[in-house]
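Listed below are the residues making up each chain.
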Amino acid sequence: DTGVSQNPRHKITKRGQNVTFRCDPISEHNRLYWYRQTLGQGPEFLTYFQNEAQLEKSRLLSDRFSAERPKGSFSTLEIQRTEQGDSAMYLCASSLGPINTEAFFGQGTRLTVV
Amino acid sequence: DQQVKQNSPSLSVQEGRISILNCDYTNSMFDYFLWYKKYPAEGPTFLISISSIKDKNEDGRFTVFLNKSAKHLSLHIVPSQPGDSAVYFCAANSGGSNYKLTFGKGTLLTVNP
């Protein structure tokens, strides 16, 4: 298994455009998480899926953000009407058990909104 | 409100010596603590963890110490190697929310040959 895969690795977009990121977790992992990391900060929790069900969403996830995990496999994170404050590294992670067991992170998608 | 604090943005040590990275937390509901290592352009990689029922956990060159009364934990790396140079994140979790890690801001460790 090649681990958690995220695409694209980098995305530059103009303010107001919509962007979508994809995460492919480790195949047998039923739990999937999205985190966001801004410059000089640690990763911050955005949302959590168990199989296809989105069970938790952070207050950081405004209504411009939507995440899906159809069929409990890959996940997408969409940001509508991007703002400069959305510029960050978006990290996906997956685990077989609770996140305080060994969760594996992807390499992230770096979003720059200009 | 920073619930997990890593007050040293950077640390530089000589190869072969001990590296000590510190982390403080404020939320007494946290009962599980983890350390992640992150190289540039890569995602965080799990390193070692400790449950609040323990005060020490060791894995090879890495040892984590937990002082619950002080709400403090530390990661010791002995001996330090140049390949250990990375950003180290302390993270905490409470069993009631088995999906969320709260991270500190990280400490950049540089191990000089």
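Whatever comes next refers back to the structure up there.
A.B. asks: Can you help me understand the interface of chain B and chain A in this one?
C.D. replies: Many descriptions give the size of an interface as the accessible area lost when the pieces come together. Taken together, the contact between chain B and chain A spans 19 residues of the former and 22 residues of the latter. In this assembly, chain B and chain A are joined by zero salt bridges. Secondary-structure elements contributing two or more residues to the side of chain B that touches chain A are β4 (32-38) and β9 (86-93) of chain B. With four residues, β4 of chain B is the largest single contributor of residues to the side of chain B that touches chain A.

A.B. asks: How should the state of the cysteines be read in this particular structure?
C.D. replies: Between two cysteines, a covalent bond joining their sulfur atoms is known as a disulfide. All names here are of chain A. Overall, the coordinates contain two disulfides over all chains when judged by the stated rule. The residue that forms a disulfide with C23 is C92, at a sulfur-sulfur distance of 1.9 Å. Taking the torsion about the sulfur-sulfur bond, which here is approximately -70°, the covalent link between C23 and C92 counts as left-handed. Of this pair, C23 sits in strand β3 (residues 19-24) while C92 is found in strand β9 (residues 88-95), placing the two residues 69 residues apart along the sequence. The class for C23 is buried, based on a relative accessible area of 0%.

A.B. asks: What is the right way to look at unusual backbone geometry in this model?
C.D. replies: What you tend to see is this: most non-glycine residues have negative phi, and most peptide bonds are trans. Looking along the chain, the bond that leaves N7 of chain A and enters P8 of chain A is cis, with omega of -5°. Structurally, P8 of chain A is set in the loop between β1 (5-7) and β2 (10-13). The step from V78 of chain B to P79 of chain B runs through a cis peptide bond, and the omega angle for that step is -15°. Its place among the elements puts P79 of chain B in the loop between β8 (72-77) and β9. A positive phi angle, close to 60°, is found at K71 of chain A, a residue other than glycine. By the element assignment, K71 of chain A lies in the loop between β7 (65-68) and β8 (75-79).

A.B. asks: What exactly am I supposed to notice about the environment of S5 of chain A here?
C.D. replies: Residue and element names in this part refer to chain A. Checked against the element boundaries, S5 lands in strand β1. Taking C-alpha positions, S5 is 6.4 Å from P25, a pair spaced 20 residues apart along the chain. Residues contacting S5, with those up to four places away along its chain left out, are R22, C23 and D24.

A.B. asks: Sorry if this is basic, but what is going on with the side chain of S94 of chain A here?
C.D. replies: Residue and element names in this part refer to chain A. Mapped onto the elements of the fold, S94 is located in strand β9. Taking relative accessible area as the criterion, S94 reaches 0% and is therefore assigned buried. A polar atom in the side chain of S94 sits 3.4 Å from the backbone nitrogen of I26. With sequence-adjacent residues up to four places away left out, S94 is seen in contact with V4, P25, I26, H29, R31, L32, Y33, E102, A103 and F104.

Procedures and definitions
Residues numbered from 1 in each chain as written. Chains lettered and ligands numbered in written order. Predicted model: local features only at pLDDT ≥ 70, side-chain atom pairs only at ≥ 80, totals over all residues. Heavy atoms only, no water. Contact = heavy atoms within 4.5 Å. Salt bridge = Lys/Arg side-chain N within 4 Å of Asp/Glu carboxyl O. Helix = DSSP H or I, 4+ residues; strand = E, 2+ residues; numbered from the N terminus. Disulfide = S-S within 2.5 Å. Buried < 20%, exposed > 50% of the residue type's maximum accessible area, 1.4 Å probe, protein only. Polar contact = N/O pair within 3.5 Å; in protein donor to acceptor, adjacent residues only side chain to side chain.

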